[in-house]
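Tertiary structure, described
Chain by chain, the residues run as shown.
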Protein chains: 6
Amino acid sequence: MTLNRDRAVVVSALKHAAPYIRLFKGKVFVLKVGGEIFADAATTRTIMEQVGILYQVGIKVVLVHGGGPQSTELAKALGLDTKFIDGRRVTDGPSLDVATMVLNGQINTRVLAVCRDLEIPAVGISGVDAGLIRAHRRPPVQKAGQADVDYGFVGDIDTVDADVLRKQLDNGLMPVVSPLSCDSAGTVLNINADTVAAAIAAELKAEKLILATGAPGILKDRNDPQSLISYIDRAGLRKLGDDGHLADGMLPKAAAIDAAIANGVSRVHIISYKMPDSLLLEVFTNEGTGTLVVDDIG
Amino acid sequence: MTLNRDRAVVVSALKHAAPYIRLFKGKVFVLKVGGEIFADAATTRTIMEQVGILYQVGIKVVLVHGGGPQSTELAKALGLDTKFIDGRRVTDGPSLDVATMVLNGQINTRVLAVCRDLEIPAVGISGVDAGLIRAHRRPPVQKAGQADVDYGFVGDIDTVDADVLRKQLDNGLMPVVSPLSCDSAGTVLNINADTVAAAIAAELKAEKLILATGAPGILKDRNDPQSLISYIDRAGLRKLGDDGHLADGMLPKAAAIDAAIANGVSRVHIISYKMPDSLLLEVFTNEGTGTLVVDDIG
Amino acid sequence: MTLNRDRAVVVSALKHAAPYIRLFKGKVFVLKVGGEIFADAATTRTIMEQVGILYQVGIKVVLVHGGGPQSTELAKALGLDTKFIDGRRVTDGPSLDVATMVLNGQINTRVLAVCRDLEIPAVGISGVDAGLIRAHRRPPVQKAGQADVDYGFVGDIDTVDADVLRKQLDNGLMPVVSPLSCDSAGTVLNINADTVAAAIAAELKAEKLILATGAPGILKDRNDPQSLISYIDRAGLRKLGDDGHLADGMLPKAAAIDAAIANGVSRVHIISYKMPDSLLLEVFTNEGTGTLVVDDIG
Amino acid sequence: MTLNRDRAVVVSALKHAAPYIRLFKGKVFVLKVGGEIFADAATTRTIMEQVGILYQVGIKVVLVHGGGPQSTELAKALGLDTKFIDGRRVTDGPSLDVATMVLNGQINTRVLAVCRDLEIPAVGISGVDAGLIRAHRRPPVQKAGQADVDYGFVGDIDTVDADVLRKQLDNGLMPVVSPLSCDSAGTVLNINADTVAAAIAAELKAEKLILATGAPGILKDRNDPQSLISYIDRAGLRKLGDDGHLADGMLPKAAAIDAAIANGVSRVHIISYKMPDSLLLEVFTNEGTGTLVVDDIG
Amino acid sequence: MTLNRDRAVVVSALKHAAPYIRLFKGKVFVLKVGGEIFADAATTRTIMEQVGILYQVGIKVVLVHGGGPQSTELAKALGLDTKFIDGRRVTDGPSLDVATMVLNGQINTRVLAVCRDLEIPAVGISGVDAGLIRAHRRPPVQKAGQADVDYGFVGDIDTVDADVLRKQLDNGLMPVVSPLSCDSAGTVLNINADTVAAAIAAELKAEKLILATGAPGILKDRNDPQSLISYIDRAGLRKLGDDGHLADGMLPKAAAIDAAIANGVSRVHIISYKMPDSLLLEVFTNEGTGTLVVDDIG
Amino acid sequence: MTLNRDRAVVVSALKHAAPYIRLFKGKVFVLKVGGEIFADAATTRTIMEQVGILYQVGIKVVLVHGGGPQSTELAKALGLDTKFIDGRRVTDGPSLDVATMVLNGQINTRVLAVCRDLEIPAVGISGVDAGLIRAHRRPPVQKAGQADVDYGFVGDIDTVDADVLRKQLDNGLMPVVSPLSCDSAGTVLNINADTVAAAIAAELKAEKLILATGAPGILKDRNDPQSLISYIDRAGLRKLGDDGHLADGMLPKAAAIDAAIANGVSRVHIISYKMPDSLLLEVFTNEGTGTLVVDDIG
């Protein structure tokens, strides 16, 4: 009978999951989810349902989101040109306005609305709130024999006030964090969401930092999706980068991962949002599905 | 591949269980487990693993245990006669000593030791601790045309001080409760474990009272194990008793169930410890496996 | 000497303000500021400096902002048509997206950034956060002899969970509230900011609800700015409306004021953001500058 | 008149006791009482009345009890042989069952029942509860030229989690501690009650550790009860042992005393439960009745 | 041997006192001590040593003191005339200054200094502190056919803010209260210390109000010290007054006693400071030494 | 119109004062006010109104008062001779009684009464309360070739228990401190109020110690009131003293200032109570009116 098999499934799974629940209950996980995931209602729901299960079993989740594709889209709709120098985006005034509306407005609210539906009590917050992130504008980059390159309203983090987040977690609320930040004079600054997630994870002494991306994890060969590395340490990751094996999009992630581990986060996971249930599998099974980075495999 | 199917099982089960976890997290369940279950290391472990999973997902479990078979066995080993009048056990002085050693010593400690192994932080407690249960000795029963019948050191509950249990629960500890109690002069008194569990459930305003027994639940026909009643209300249960359909062992349970519901426990479950995973199935599936008793089906 | 006169000014003013500080310290003020004020950096700074002074002297300010003009502007930039039926805006899907980006993104962030500069520890929050505002979509309005009129994603408030705000206030943080809300299924809904401010003020049992508008207050004659009413009660306000003396823009405000007072807010002030220092003058001088509405002048 | 003399007695005694009450109020005393004391209702009551007075004047008492004689008696009643090797008891499986029933069941409950009568709010607890005592089974002792000697289910303490006791004390409850403990796999282990009391006293930073025994204290000459030593330090106690002056039963006590002082308990008292009021006299008079051991008389 | 008898005394007394300690621990006693007791170092010390014992055993004592004789003495030293009208003292400006210096300065400080010596952590406080006592000046008394009689700076109590005292008690401090009070404009007012003690006892819901006086208690015959009444109720006390059996000095005390009982203090004791140990005997023996007044003997 | 100018004044002053309020809110200021200020109702009110404003804007004020002139006056009224040796007052027994009545009685009460009127919730306290100040009597001073000089009941501070004050401040109460103290045997001792204020400021880690005196501040030339020094450091102050430029009355103040700074108070202000609004001007304007002493101008 189908019924009985289903029941057996529930019970067996609870038994399987219980040791992980015991292990992780009350621990802080910082989860960074790229903007592309929230571009689509179905993938949004898929990831948030998994987040909801982490929340229900007692894990203290801090969700940091990006918003790149949506910013590009809105800029286009408004007829703005996105300038790039040497392949890096320049955040001028109008671009910053776009990022503000997309990150703090569109995406943050969308995530909160799904949380309302899933009965996860969540609060939106950005680096601009209270003193969560204090940053300064990145000075123009000097290039030998060229004019200085100013990437615009882009910030580098000075301090993270983890207390703002800790109070929400202690109240049973899940913070949904937009990476937008500002300096002490109130100038809003854009900061890479991976960087913000890594800094928050370090400050909260998180058990895990999990980066949900479009790739299955870190690849030995950037062109071969089958070459997934399951387990690697900082030195190994650095060597991959030095040897040119990391995809361009992975480079800032690699720097964020390295910083998080250097500042005390013991496990960083890179998983693919495209693989079904990847977040649950990563947390609740021994093998996981993506890449686990630690300080030193030894 | 086996592996992948297993993983799918974990994930699917977590999704299935999550709404129940959300529903029950932080709620109090009083679970009464009969002594026969603890007579055997295997059944002890089976029930306690299920209890551990309830604990891990955040349910506040209070475990009340019995100890009848073990008392009978120890009495026999010590060469004591167990007296019965009209089929009811008489608790004389030596019997009370035996009950004390078995309930507060042997069984309570055995349960706590298994909890240590399963990493459930549990504390033993009995009705004698602080003011948990204040009782008085049941007066001899007057029978027309016969000598009064004195059942010995048997108590009736005056008050339950739920605060003693609440403090343990608030500290994240699981109380393992022996039903032995005493009066204000320190005379130890034996009280039926179902009665104690019902009184504690009422005082703690428990979400559920669950009685784990040797029977599959309440039967329409006491002689037909297939005649299980899944869902019944107080009036129905009373009628069953009045009509003589309840087994002798079920009569005191029926009284305890009735009292618990009358005092505010909205759901009482009767399950069989012999059916595998019955506790988890009862809590985490819609259908359950035993009998659910409510106030009024309406 | 200029210096000495200036010093005398400081001292005399402190003495003048002290009784008001004593009176209001620790009290909750809900301040609603229309979107038009935040359209301009100078008026934004002007109002926020005054808010900062309220915060510094110990008043617990909850700031609710609107965003109408900015929404209109962004809709125009995106080439969207704003539909009106009988002069009321219809919030279709694209309009709701615009409102989300403007209210929760652009304006809320702008206010927080100014707070960072003014060293007011503020946190952004919207009706979508946790369970702050639970609303339902307003059903289509039936009009005799016409097709039903559906105003789109517009909500009516079911409940306000003031606890979310109270915790922020207790932590010394100033909530900056966007009126955007949602229903239990996560459908985002637009709600009039005056209505939201009134509901929050009632739920927090605020000492004062202050509405900062473009008008100097409530006018006896909507066409004569000199006809300001300094002091009026609910009956008076209702009569003004019934007699057609209230400007169109004032009608929903009048309803919000009436509801706030009916639900226990004892004083509602309407002031003009265009009059210099109007907020400070209203709070710290006896005469104020706008209109004070109370339950019953008697 | 008798009456007046009695009243004078009360008053004079209160004055005499007050400085000691001031000195000890809120301080932790760990009191170890041997099982022989609880063999008899009269001596049980005598010691517990004194404990009750310590509790009433505000001393935080932790009572650790033994149970040797009762275990021997129950073993005999059950027809079990108690094996000894080189004069030391071997705890095999049945012996452990007996110890469990006697320590955690019979004696602990008996003490709690007397506490109920004396209105001392007490809770029973053993090393098996939560993580109070984490121990490991003592490995077989290797003897040159002989087979290894295995003393059975006997434990050595790894850690004491004093928090479990501290929470009870903070709630105004008196812990009554059975020395039975277990390892991390849930194997129950017997541990000497003096050793447990000393470890708990050290972990709680107790003001005093008091050992109530059958002897009047430590004797200079084990055969001469008149040779009581009132005051001695660790070096002196060790020398007594080295010189063979300590009775066999005193040797493990001496080791426990030495360990307690080494770990920070500044005063250890050995008193006789046979001397009337010895506990009160030891605490509330300057001279005491037994032996006081300190770190270094200097 | 003297020594052994003394020890027996300590022990027997502790046993005798323990039930009273259990009964009164944590309860509030308001003790009013007349100024004449503090006129002399020996009687001061005698009463305060008894107070210290109450404090040490855990009773929450609030001590209210008078200061009449000292005021008279200082007035005389300063050459002031004390005016009386119809036998009642008139408190003019200079008299009030004298009372202020004596009550809040001399006596309050003297009591606190003795507390320092006795290691009772005490804090001085008067009705003028924070909002402890809010009073108004008693209006001139109109007498038929005579000029109004103004008793000067004499107050009648409007409210007592017991919180000020409760916070001290919760911090383990003993409040030493001077009855001097003031009105809302800061005019200092003298109030009878018995009246203040009764009002404080009522507001604190004190277990006992104890008045230490020069008389042995309430006498049936004001001229016969042997006619002490041990036990009386409100009706009896009122009748004694109506029948003219109360001494003049006892009349305001009788009114204060009546008010205290009417407002919820269940036991009021009148004792003599001249009888040795009267305070301890009253609290710690069944018979006491003075008069106990209750609501209704029935 | 006068009205409008007045309103402008309020607003401009609030703006001016706000940054100082933000700076000082929640900080501890210890203010020492000499007895001469309280000799007169008008100057008392003037200073206390300023204190009230500090309190209202959220500064935690501890007020320490002297009482020299009043003691002299009362001694004279009582016909006591004030003895001086080498110009320093000798505090014999009667002088100590006078100081007690004046400091703890007259002045402390007068300040509290004014606080009642100004609605500042204040509590009186002296060094004798609980363990606020533990001092010892200053030993007789040995002078070469002369008899020892005993200044009588004069104390030197051993310890300050700041907790007593901190609890009042945490409860929102303003402590009004009399410098009278005592030793552990309860002997009352007089201590210079500047010394007490400096010790309390150090122990509370006060933001500021402010001494309100009759002089405008520290003068370069003790005879030239125009030679006010606005800003000086410890070395400069010591040099002034060494060079004989400090007035006699300023010498103990200079020692207290030096000690306060040495023990961690970063800013000490000396202001004149005679200059109108000097306290407010010192705190709320950049220039202040008196002398600011810091550790090292550098």
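Cut-offs applied
Counting starts from 1 at the beginning of each chain's written sequence and moves along it residue by residue. Each chain gets a letter, beginning with A, and each ligand a number, beginning with 1, in the order they are written. Given that the model is predicted, a residue must reach a pLDDT of at least 70 before its local features are reported, and side-chain atom pairs must reach 80 or more before they are shown or counted; all residues, however, enter totals for whole chains, interfaces and linings. Calculated side-chain values reflect all of the structure's heavy atoms, with hydrogen atoms and water omitted. Aromatic contacts are taken between Phe, Tyr and Trp rings whose centres are within 6.5 Å, Trp giving its six-membered ring; a plane angle under 30 degrees counts as stacked, one over 60 as edge-to-face, and the others as tilted. Note on classification: 1.4 Å probe, protein chains only; a residue is buried when its accessible area is under 20% of the maximum for its type, exposed when over 50%, partly exposed between these limits. Numbering of helices and strands starts at the N terminus; helices are DSSP runs of H or I of at least 4 residues and strands are runs of E of at least 2. Definition used: whenever NZ (Lys) or CZ (Arg) falls within 6 Å of the ring centre and also within 35 degrees of the ring normal, the charge is taken to sit over that ring. Here, strands pair whenever DSSP counts at least two bridges between them. Axis angles are defined between N-to-C directions and span 0 to 180 degrees, where every axis is a line fitted to C-alpha atoms and, for a helix, only to the segment in contact. By definition, residues are in contact when any of their heavy atoms lie within 4.5 Å. Expected span of a helix: the number of residues minus one, times 1.5 Å. The angle between axes fitted to the seven residues ending at a residue and the seven residues starting there is what we call the bend at that residue. Here the copies were fitted onto each other by least squares, based on C-alpha atoms from residues at pLDDT of at least 70 in both. Summed over both partners, the accessible area (1.4 Å probe) lost when two parts come together is defined as the buried area. A pairing counts as a salt bridge when a side-chain nitrogen of Lys or Arg comes within 4 Å of a carboxyl oxygen of Asp or Glu. For the purposes of these results, a polar contact is taken to be a pair of N or O atoms within 3.5 Å, where, inside protein, one atom must be able to donate a hydrogen and its partner to accept one; residues adjacent in sequence count only when each atom of the pair is a side-chain atom. The arc refers to the directions leading from the helix axis to the C-beta atoms. These domain limits were set by an automatic method or by a database of domain assignments. Gly falls in the polar group here, along with every residue not listed as nonpolar (Ala, Val, Leu, Ile, Met, Phe, Trp, Tyr, Cys, Pro) or charged (Asp, Glu, Lys, Arg). Orient the strands so they point away from the viewer; a crossover is then right-handed if the path from the first strand over the helix to the second runs clockwise.

Right, let's get into the packing of aromatic side chains. Tallied over the entire structure, the rule returns 18 aromatic pairs over all chains. On the basis of an interplanar angle of 75° and a centroid distance of 5.2 Å, the ring pair of E:Phe24 and E:Phe29 is categorised as edge-to-face. On the accessibility criterion, E:Phe24 (7% relative accessible area) is buried. Look at E:Phe29 and you get buried, because its relative accessible area is 1%. With centroids separated by 6.4 Å and ring planes inclined at 75°, the aromatic side chains of F:Tyr20 and F:Phe284 adopt a geometry described as edge-to-face. Of the two residues, F:Tyr20 sits in helix α1 (residues 2-24) while F:Phe284 sits in helix α9 (residues 278-284), which places them 264 residues apart along the sequence. In this structure F:Tyr20 comes out as buried when scored by relative accessible area, which is 14%. When its relative accessible area of 0% is taken as the criterion, F:Phe284 is described as buried. Three or more aromatic residues joined by ring pairs form one cluster here, namely A:Tyr20, A:Phe24, A:Phe29 and A:Phe284. When the ring centre of A:Phe153 is taken as reference, the NZ or CZ atom of A:Arg137 above it lies at 4.4 Å.

The next thing to look at is the sheet that holds strand β15 (residues 267-272) of chain E. Residue and element names in this part refer to chain E. Judged by pairing direction, the sheet is mixed, and its 8 strands sit side by side in the order β5-β8-β2-β1-β11-β15-β16-β14 without closing on themselves. The two strands at the open ends of the sheet, each matched to only one other strand, are β5 (122-126) and β14 (231-233). Put simply, the sheet's adjacent strands are angled 20° from each other on average, direction ignored. The sheet contact formed by β15 and strand β16 (residues 291-294) spans 3 bridges and is antiparallel. Its bridge partner being in β16, valine 268 is matched across the sheet by valine 293. Relative to strand β8 (residues 174-178), helix α4 (residues 93-118) is tilted by about 160°, and along the sheet it contacts β2 (60-65), β5 and β8. On top of the sheet, helix α8 (residues 250-262) reaches β1 (28-33), β11 (208-213), β15 and β16; it is set at about 155° to β15, its chief contact.

Turning our eyes to something else, we now look at helix α4 (residues 93-118) of chain B. Since there are 3.6 residues in each turn of an α-helix, residues three or four apart along the chain are aligned in direction. Here α4(B) contains 26 residues, and its C-alpha end-to-end distance of 36 Å stays within 8% of the 38 Å for a straight helix at 1.5 Å per residue. Its axis deflected by about 30° at B:Val102, α4(B) carries its strongest bend there.

Here we take up the relation of the copies chain B and chain D. Superposing chain B onto chain D takes a rotation of 180° combined with a translation of 0.0 Å along the rotation axis, leaving an RMSD of 0.0 Å. In short, the pair behaves as if placed about a two-fold rotation axis. Of every C-alpha in chain B, the one belonging to B:Gly105 sits nearest the axis of rotation, 1.7 Å from it. Taken as a fraction of all interface residues of chain B, those also at the interface in chain D reach 100%, which identifies the copy contact as same-surface.

In this section: the interface of chain C and chain A. Each side of the interface is counted separately: chain C has 36 residues, and chain A has 36 residues. When the two sides are added together, the surface that chain C and chain A hide from each other amounts to roughly 2800 Å², 58% of it contributed by carbon and sulfur. Joining chain C to chain A, the criterion identifies 0 salt bridges. Inspection of the chain C/chain A interface yields 16 residue pairs in polar contact (both at pLDDT 80 or more). Counting only elements with at least two residues in the side of chain C that touches chain A, the list comes to α3 (68-77), α4 (93-118), β5 (122-126), β6 (133-137) and α5 (162-170) of chain C. Broken down by element, the residue count for the side of chain C that touches chain A peaks at 10 residues, all from α4(C).

Now for the arrangement of the chains. No part of chain C reaches chain E; the closest C-alpha pair between them is 16 Å apart. No interface is formed between chain D and chain F, the nearest pair of C-alpha atoms being 15 Å apart.

On to helix α3 (residues 68-77) of chain F, then. Those residues of α3(F) not exposed but buried are F:Gln70, F:Ser71, F:Leu74 and F:Ala75. With its buried residues spanning 135° around the axis, α3(F) presents them on a single face. Seen from the open side of α3(F), the exposed residues pointing more than 90 degrees away from its buried face are F:Glu73 and F:Lys76. Buried residues along α3(F) sit in contact with α4 of chain E together with β4 (88-89) and α4 (93-118) of chain F. Positioned one or two residues after α3(F), F:Gly79 has a phi angle of 75°, which is positive.

With that settled, consider unusual backbone geometry. Phi at C:Ala130 is positive, roughly 35°, even though this residue is not glycine. Residue position: C:Ala130 is located in the loop between β5 and β6.

Residues and elements named next belong to chain A. One can read the domain layout of chain A as domain 1 (27-40 + 63-192) and domain 2 (207-298). Centre-to-centre separation of domain 1 and domain 2, based on C-alpha positions: 22 Å. Each side of the interface is counted separately: domain 1 has 11 residues, and domain 2 has 12 residues. Here domain 1 packs against domain 2, burying approximately 970 Å² in sum over the two surfaces, 62% of which is carbon and sulfur. The interface formed by domain 1 and domain 2 contains 0 salt bridges. Here domain 1 is connected to domain 2 by 5 residue pairs in polar contact (both at pLDDT 80 or more). For the side of domain 1 that touches domain 2, the per-class residue count stands at 6 nonpolar, 2 polar and 3 charged.

Attention now moves to the interface of chain B and chain D. Listed as interface residues are 36 residues of chain B and, on the opposing side, 36 residues of chain D. Interface area, chain B with chain D, both sides summed: about 2800 Å², of which 58% is carbon and sulfur. Linking chain B to chain D there are 16 residue pairs in polar contact (both at pLDDT 80 or more). Those elements giving two or more residues to the side of chain B that touches chain D turn out to be α3 (68-77), α4, β5 (122-126), β6 (133-137) and α5 (162-170) of chain B. When residues in the side of chain B that touches chain D are grouped by element, the largest group, 10 residues, is from α4(B).

Residue and element names in this part refer to chain F. Among the 6 residues that make up strand β1 (residues 28-33), 6 are buried, leaving the element largely enclosed by the rest of the structure. Along β1, one buried face is formed by Val28, Val30 and Lys32 and the opposite face, lined by Phe29, Leu31 and Val33, is buried too. Both β1 and strand β2 (residues 60-65) contribute to a ladder of 6 bridges, which runs parallel. The residue of β2 that forms the bridge with valine 33 is histidine 65. Read from β1 through helix α2 (residues 41-56) to β2, the crossover connection turns out right-handed.

Turning our attention to the relation of the copies chain C and chain A. Of the transformation placing chain C onto chain A, the axial shift is 0.0 Å and the rotation is 180°, giving an RMSD of 0.0 Å. Both copies present the same face, since 100% of the interface residues in chain C are matched by interface residues at the equivalent positions in chain A.

Residues and elements named next belong to chain D. Taken together, 8 strands build an open sheet; the order of strands is β5-β8-β2-β1-β11-β15-β16-β14 and the sheet is mixed. The open sheet has two edge strands, β5 (122-126) and β14 (231-233), and neither has a second partner. Between one strand axis and the next, the sheet turns by 20° as a mean value, whatever way the strands run. Inspection of the sheet shows strand β11 (residues 208-213) paired to strand β15 (residues 267-272) by 6 bridges, in the parallel sense. Bridge pairing in β15 places isoleucine 210 opposite histidine 269.

Okay, the side chain of C:Ser126 next. Residue and element names in this part refer to chain C. Looking at the element boundaries, serine 126 is found in strand β5. Of the polar contacts made by the side chain of serine 126, one reaches the side chain of asparagine 104; its length is 3.3 Å. Those residues in contact with serine 126 that sit more than four places away from it in its chain are Asn104, Leu132, Ser178 and Leu180.

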